[in-house]
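# Architecture and fold: a report
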Amino acid sequence: MSDKSKTREQILDAAMNRIKHYGYGKTTMSEIASDCDMSAGNIYRFFASKLDIAEAMARQFNAELYQSYSEIARSDAPPAQRLRKVFHYSLDQTFDAIEREAKILEVAEVLGEERPLFMNEGLAQERIYLCTILEDGVARGDFAPIKDCNYTAEMIQSALMKYRFPQLFSRLTLPKLRRELNGVLDIIIAGLAKGIEKTPEIEH
């Protein structure tokens, strides 16, 4: 790892520790720089803004999720089981992270408002793994033929958006969220098995 990469990691670690303690809104670039024993001006050589630091933190978290999604998608388990595992893994990981460090939720909210393209990029990456599962399900005969895999994956994501950042949308406990998620997935998987035609858009 280069010196520049090490310094970036040091900044991210310092930012994470401070944000977990004080929250995103009450953390400043000057404070992060001080925690790294560097000048406030020097930190801008590595990150243009606090929002860029928040995005880098989120990218680290997402990279670990994507690695697990990839392993799940390429496994030999039945496609329906893999589909369940992806969303249950996501729910468990994000719920646990926010429960341990409640102020991390603030970072997700800020990125959703200020960096929607980053959030959309993450959803697009997730659809790659979902399409792998859906296409294998069709090939095995578990799912009915799918005309547009990316569209189907996107609609599945939309139906399950509540479970992406569960504490943002609900105060349910994790066991209740898991039960609810399973119920919604039951309906989705039943629809995939029967095959659902894309409905025309409703005119307003």
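Before reading further, recall that the structure is shown in the block above.
Anyway, here's the lowdown on the structure attached to this text. (Residues numbered from 1 in each chain as written. Predicted model: local features only at pLDDT ≥ 70, side-chain atom pairs only at ≥ 80, totals over all residues. Heavy atoms only, no water.)

## Focus on the overall build of the chain
In terms of regular secondary structure, the chain is built from 10 helices and zero strands. Listing each helix as α and each strand as β along the chain from the N terminus yields α-α-α-α-α-α-α-α-α-α. Overall, the chain is about 60 × 40 × 40 Å in size when its C-alpha atoms are taken along their principal axes. Relative to its full complement of 204 residues, the chain shows a buried share of 41%. (Helix = DSSP H or I, 4+ residues; strand = E, 2+ residues; numbered from the N terminus. Buried < 20%, exposed > 50% of the residue type's maximum accessible area, 1.4 Å probe, protein only.)

## Re the packing of aromatic side chains
Applying the stated rule across the entire model yields three aromatic pairs. Ring geometry for Tyr 66 and Tyr 69: centres 6.4 Å apart, planes at 50°, overall tilted. One end of the pair, Tyr 66, and the other, Tyr 69, are both in helix α4 (residues 50-73), three residues apart, so they sit about a helical turn from each other. Tyr 69 sits in the buried class, given a relative accessible area of 2%. An aromatic cluster is built from Tyr 66, Tyr 69 and Tyr 129, whose rings are joined through pairwise contacts. (Phe/Tyr/Trp six-rings, centres within 6.5 Å; stacked < 30°, edge-to-face > 60°.)

## Concerning helix α1 (residues 3-22)
Compared with an ideal rise of 1.5 Å per residue, which puts 20 residues at 28 Å, α1 spans 28 Å between its outermost C-alpha atoms and is within 8% of the ideal. Within the span of α1, buried status applies to Thr 7, Ile 11, Leu 12, Ala 14, Ala 15, Arg 18 and Ile 19. The buried residues of α1 all sit within an arc of 170° when viewed along its axis, so they share a single face. Residues of α1 that are buried in the fold lie against α2 (29-35), α3 (40-43), α4 and α6 (104-114). Among the residues trailing α1, Gly 23 stands out with phi positive, at a value near 95°. (Expected span 1.5 Å × (residues − 1). Arc of directions from axis to C-beta. Contact = heavy atoms within 4.5 Å.)

## Some points on the packing of helix α8 (residues 149-159) against helix α10 (residues 174-194)
Running from N to C, α8 and α10 cross one another at 160°; their axes reach a closest spacing of 11 Å. The angle between the axes of α8 and α10 places the two elements in the roughly antiparallel class. As for the relative orientation of α8 and α10, their crossing is right-handed in sense. In this structure, α8 uses Thr 152, Ile 156 and Ala 159 to contact α10, whose residues at the interface are Val 184, Ile 188 and Leu 192. (Axes fitted to C-alpha atoms, helices over the stretch in contact; angles between N-to-C directions. Parallel < 35°, antiparallel > 145°, perpendicular 65-115°, else oblique. Left-handed = near helix turned anticlockwise from the far one by under 90°.)

## Examining the pattern of salt bridges
Under the counting rule described, the total for this entry stands at 13 salt bridges. The residue Arg 18 makes a salt bridge to Glu 31 at a minimum N-O spacing of 3.7 Å. Residue Arg 18 is found in helix α1, and its partner Glu 31 is found in helix α2; the two are separated by 13 residues along the sequence. What makes Glu 31 partly exposed here is its relative accessible area of 28%. The salt bridge involving Asp 136 is made with Arg 82; its shortest N-O contact spans 2.4 Å. (Salt bridge = Lys/Arg side-chain N within 4 Å of Asp/Glu carboxyl O.)

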